[in-house]
Amino acid sequence: MGIFIGLCYDLKADYLKAGFSADEVMEFDDEETIIGLENALFELGHQVERIGNGRELALRLAKGDRWNLVFNIAEGLKGRSREAQVPAVCELFAQPYTFSDPLTCALTLDKALAKRIIRDRGLPTASFEVVNSTAQAQAISLPLPLFLKPVAEGSSKGITGRSFVKEREQLVTTYELLRKQFQQPVLVETFLPGRELTVGIIGNGSNSRVVGVMEVIFTDQAETSAYTTLNKDEYLERVAYRLLIDPEPLAAQARQLALDVYHTLDCRDAARVDMRCDVNGVLQFLEINPLPGLHHIRSDLPIMGRLAGVSYTEIIARIVESAWGRY
């Protein structure tokens, strides 16, 4: 049975027209993503209306407009709680919506806070420190090599070939560059040199299911230290993807770790968990995205779905069913 769905999103073109820079809107969606999502929802028999960004949603809700379900992919513009803004507004107006609640969305955007929760749960994640000053960067006690990234960004913002540091002087320089560019603390982690995996999950509670365990394989043209912004932008040349299936032991380990992380952080409806192997081949949690990218061609969740024989429309159907089932 079809329902009335409102689409909430941050459209990259709108912010560029308003004078924001390409770096500031890197996480936002393009028109192609919105059209792909609309088409899938129409195909599933739903009535769909575009809402726009979080401000537009708040104005519409205050005016009395309602939908059976808000399908939310809005990232928000400013602050480490920006991904929590739309869920919070929906809850304020008792408006049903997809994906995780405000607490989970805020917590998971702060990579250090998420890692602390995961570490306290006894799950594996690389050793780390959060750096707020040049003096703290100079006093880092973790052994080299290290990896640096902004503590609360998505879409690999701030993750470049320069993030991998082998020298103390390079560590301080990279910290200062990231701090100046992103105006936030920097997460410094023990570098993980092993295989990189990402795992997609859809569902809630005991009905949560893994869509696929996908290995990100870097080509000769890639920045091999991480799944960097450049690697993602030029993925056709720089990256190859492979689905890991049983009986490969790493596949089962990745599935279990991903589900443990998903449940520990109280994710809902869908998410994508990123992980990497340490020097001994042991998987370590990197981060989780409770608002996974949903471009029908190039986002990781749809890619692993295709490799696993799950169509884009089926992924969207499962997400809507999971969210609608909660209400």
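To keep things clear, this report deals only with the structure shown in the data block. Throughout this document, residue positions are counted from 1 along each chain, in the order its sequence is written. This being a predicted model, a pLDDT of at least 70 is required before a residue's local features are given, and a value of 80 or more before pairs of side-chain atoms are given or counted; all residues contribute to the totals for chains, interfaces and linings. Excluding hydrogens and water, the side-chain figures rest on all heavy atoms present in the structure.

**Points about the overall build of the protein**
In plain terms, the rule: A helix here means a DSSP run of H or I that spans at least four residues, while a strand means a run of E at least two residues long, and both kinds are numbered starting from the N terminus. The size measure is the radius of gyration over C-alpha atoms, and the globule rule it meets is 2.2 Å times the number of residues to the 0.38 power. Exposed residues in this analysis have more than 50% of their type's maximum accessible area, buried residues have under 20%, and partly exposed residues fall in between, with area computed by a 1.4 Å probe over protein chains only. Accessible surface is estimated by sampling points in the Shrake-Rupley manner with a 1.4 Å probe; for residues, cover comes only from the protein chains shown.
When its secondary structure is counted, the protein shows 13 helices and 12 strands. The C-alpha radius of gyration of the protein comes to 19 Å, within 12% of the 20 Å expected for a compact globule of 327 residues. Summarising its shape, the C-alpha atoms of the protein cover approximately 55 × 50 × 40 Å along the three principal directions. A burial count over the protein gives 55% of its 327 residues as buried. Total accessible area on the protein stands at roughly 14200 Å², and carbon and sulfur atoms take up 51% of it.

**Here's the deal with the packing of helix H3 (residues 54-63) against helix H4 (residues 85-92)**
The condition that has to hold: For helices, the fitted axis covers only the stretch in contact; all axes are lines through C-alpha atoms, and the angles between them, taken along N-to-C directions, range from 0 to 180 degrees. By the definition adopted for this analysis, an angle is roughly parallel if under 35 degrees, roughly antiparallel if over 145, roughly perpendicular if from 65 to 115, and oblique otherwise. By the convention used here, residues are in contact when the closest approach between their heavy atoms is within 4.5 Å. Residues were grouped as follows: Ala, Val, Leu, Ile, Met, Phe, Trp, Tyr, Cys and Pro as nonpolar; Asp, Glu, Lys and Arg as charged; and all remaining residues, including Gly, as polar.
It is at 10 Å that the axes of H3 and H4 come closest, and there the two elements cross at 5°. Classified by the interaxial angle, the pair formed by H3 and H4 is roughly parallel. Contacts from Gly-54, Leu-57, Ala-58 and Leu-61 of H3 reach H4 at Val-86, Val-89 and Cys-90. The residue makeup of the contact of H3 with H4, split by class, is six nonpolar, one polar and no charged.

**What to know about the sheet that holds strand E3 (residues 69-72)**
Formally: What makes two strands pair is DSSP finding at least two bridges between them.
What the three strands build is an open sheet, ordered E2-E1-E3; its pairing is parallel. At either margin of the open sheet sits one strand with a lone partner, and together these are strand E2 (47-52) and E3. Strand after strand, the sheet turns through a mean of 30° between neighbouring axes, direction not considered. Judged from the five bridges that link them, strand E1 (residues 4-8) and E2 form a sheet pairing that is parallel. When the sheet's bridge partners are listed, Cys-8 is paired in E2 with Gly-52. Together, E1 and E3 form the strand contacts of helix H13 (residues 312-326), whose direction differs from that of E3 by roughly 130°.

**Let's talk about the sheet that holds strand E7 (residues 186-190)**
Hydrogen bonds between backbone groups are what pair the strands of a sheet, and the pairing can be parallel or antiparallel. Read from one edge of the open sheet, four strands run E4-E7-E5-E6, paired in antiparallel fashion. Strands with a single pairing partner mark the edges of an open sheet, and in this sheet they are strand E4 (128-131) and strand E6 (164-165). Relative to E7, E4 is paired through four bridges, and the arrangement is antiparallel. Bridge pairing in E7 places Glu-129 opposite Val-188. Of the strands in this sheet, E4, strand E5 (146-150) and E7 touch helix H6 (residues 111-120), which is tilted by about 150° from E4. Packed onto the sheet, helix H8 (residues 168-182) meets E4, E5, E6 and E7 and runs at close to 10° relative to E5.

**A few points about the pattern of salt bridges**
Put simply, the rule reads: Any carboxyl oxygen of Asp or Glu within 4 Å of a side-chain nitrogen of Lys or Arg constitutes a salt bridge here.
A full pass over the atoms with the stated rule returns 24 salt bridges. We note a salt bridge from Glu-215 to Arg-242, for which the minimum N-O separation is 3.1 Å. Pair noted here: Glu-215 is in strand E9 (residues 209-218) and Arg-242 is in strand E10 (residues 239-243), with a separation of 27 residues, a long-range link. For Arg-242, a relative accessible area of 34% puts it in the partly exposed group. Two residues, Arg-255 and Asp-246, come together in a salt bridge whose shortest N-O distance is 3.1 Å.

**Overview of the nonpolar core**
Threshold: Nine residue types can take part in a nonpolar core, namely buried Ala, Val, Leu, Ile, Met, Phe, Trp, Tyr and Cys, and a core is a set of them joined through side-chain atoms within 4.5 Å.
Counting 38 residues, the largest nonpolar core has Phe-71, Leu-294 and Ile-316 as the members making the most contacts within it. Those elements that place two or more of their residues in this core are E1, helix H2 (31-43), E3, E9, E10, helix H12 (300-307) and H13. The contact partners of Ile-316, leaving out residues within four places of it in the chain, are Leu-37, Ala-40, Leu-41, Leu-44, Phe-71 and Leu-294. Leu-259, Val-261, Tyr-262 and Phe-285 belong to the second-largest nonpolar core, a separate cluster that totals 25 residues.

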